[in-house]
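Geometric and topological summary
Listed below, chain by chain, are the residues.
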Amino acid sequence: KIGVFTRPQSEEYGLGQIGYLEINNIDKLTDLDFYSAKIIDKFTENTWGGVNSAIFYNNQLCVFGHIAYISENNFQNYYATSFVFDLEKKEIKNFKIILKRDNFPKSDSKYPALENVVFPSACKITEDYIYFYFGLSDYACGFAKIKNIFN
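Computed from a predicted structure; not experimentally measured.

**Examining the overall build of the protein chain**
Secondary structure assignment for the protein chain yields 1 helix and 10 strands. Each helix and strand of the protein chain, ordered N terminal to C terminal, gives the series β-β-α-β-β-β-β-β-β-β-β. The C-alpha atoms of the protein chain give a radius of gyration of 16 Å, which matches the 15 Å a tight globule of 151 residues would have. Structurally, the protein chain occupies a C-alpha span of about 45 × 40 × 25 Å along its principal axes. Within the protein chain, the proportion of its 151 residues that are buried is 42%. In the protein chain, the proportion of contacts linking residues at least 24 apart, taken out of those at least 6 apart, comes to 40%. Counting only carbon and sulfur atoms, one obtains 48% of the accessible surface of the protein chain, whose full area is about 9,100 Å².

**Observations concerning the sheet that holds strand β3 (residues 38-41)**
Taken together, 3 strands build an open sheet; the order of strands is β1-β2-β3 and the sheet is antiparallel. Sheet topology places β1 (2-6) and β3 at the edges, where each strand pairs with a single neighbour. If you compare each strand with its neighbour and ignore which way they point, the axes differ by 35° on average. As judged from the 5 bridges shared by β1 and strand β2 (residues 18-23), these two strands associate in the antiparallel manner. Bridging across to β2, Ile2 finds its partner in Ile23.

**What to know about the sheet that holds strand β8 (residues 118-125)**
Taken in spatial order, the 3 strands make up an open sheet running β8-β9-β10, and their pairing is antiparallel. Each edge of the open sheet carries a strand with a single partner, namely β8 and β10 (140-147). Pairwise comparison of adjacent strand axes, ignoring direction, gives a mean angle of 25° for this sheet. The pairing of strand β9 (residues 129-136) with β10 spans 8 bridges and is classified as antiparallel. Bridge assignment links Tyr129 to a residue of β10, and that residue is Lys147.

**Topic: the nonpolar core**
Residues Phe64, Ile130, Phe132, Phe134 and Phe150 are the most contacted members of the largest nonpolar core, which totals 18 residues. When contributions to this core are tallied by element, the ones reaching two or more residues are β5 (60-70), β6 (76-86), β7 (91-99), β8, β9 and β10. With 4 residues, the single largest contributor to this core is β9. The residues contacting Phe132, other than those within four sequence positions of it, are Phe64, Ile98, Pro120, Ala122, Cys123, Gly142, Phe143, Ala144 and Ile146. If you look at the next biggest cluster of nonpolar residues, it comprises 12 residues, including Ile67, Tyr79, Phe85 and Ile92.

**A closer look at the environment of Asn25**
Tracing the sequence through the fold places Asn25 in the loop between β2 and α1 (31-36). In sequence terms Asn25 and Ile2 are 23 residues apart; their C-alpha atoms lie 7.2 Å from each other. A polar contact of 2.7 Å, which involves the side chain of Asn25, links it to the backbone nitrogen of Asp27.

**Describing the packing of aromatic side chains**
On inspection of all chains with the given rule, the structure shows 13 aromatic pairs. An aromatic cluster of at least three residues, connected via ring pairs, comprises Phe64, Phe104, Phe132, Phe134 and Phe150. The cationic tip of Lys145 hangs over the ring face of Tyr129; the distance from NZ or CZ to the ring centre is 4.3 Å.

**A word on unusual backbone geometry**
Residues other than glycine seldom take positive phi values, yet Asn58 does so here, at roughly 55°. Secondary-structure assignment places Asn58 in the loop between β4 (47-57) and β5. For Asp138, which is not glycine, the phi torsion reads 50° and is therefore positive. Tracing the sequence through the fold places Asp138 in the loop between β9 and β10.

Definitions and limits used
- Residues numbered from 1 in each chain as written.
- Predicted model: local features only at pLDDT ≥ 70, side-chain atom pairs only at ≥ 80, totals over all residues.
- Heavy atoms only, no water.
- Helix = DSSP H or I, 4+ residues; strand = E, 2+ residues; numbered from the N terminus.
- Rg over C-alpha atoms; globule rule 2.2 N^0.38 Å.
- Buried < 20%, exposed > 50% of the residue type's maximum accessible area, 1.4 Å probe, protein only.
- Contact = heavy atoms within 4.5 Å.
- Areas by Shrake-Rupley, 256 points an atom, 1.4 Å probe, with all protein chains shown as cover.
- Pairing = 2+ DSSP bridges.
- Axes fitted to C-alpha atoms, helices over the stretch in contact; angles between N-to-C directions.
- Core = buried A, V, L, I, M, F, W, Y, C linked by side-chain atoms within 4.5 Å.
- Polar contact = N/O pair within 3.5 Å; in protein donor to acceptor, adjacent residues only side chain to side chain.
- Phe/Tyr/Trp six-rings, centres within 6.5 Å; stacked < 30°, edge-to-face > 60°.
- Lys NZ or Arg CZ within 6 Å of the ring centre and 35° of its normal.

As structure tokens, this is what we get:
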């Protein structure tokens, strides 16, 4: 089986929920599958999120993603998250915010409303640390090394 995390968006799902489905063949994946995936964690009305990467490590599926909301000044606020996905129960465990934009040096942003955006884009897990690359403010890249939270 091939596990697929989805991020449906619509009136029902808002700006994005995390869905999960399993398929037998990637060539058979359709747009409709994204909306039929089981929603594994429903964000509140004013928040949304998604999965950016998933890695098997230490006999568990370690997932990195983001959670976001729009603040009163119409700024988008994205936070990097992690969790373990239980493949048997199809549920999230140990959901955490792991980094925020303030953890990185200031940089330009694509638009002023995006200056508080951080999302994981790639990582490497070792026994002691997780090495990450991040998208910052929809304009720049960042790097961080954090203690391995999955041991």
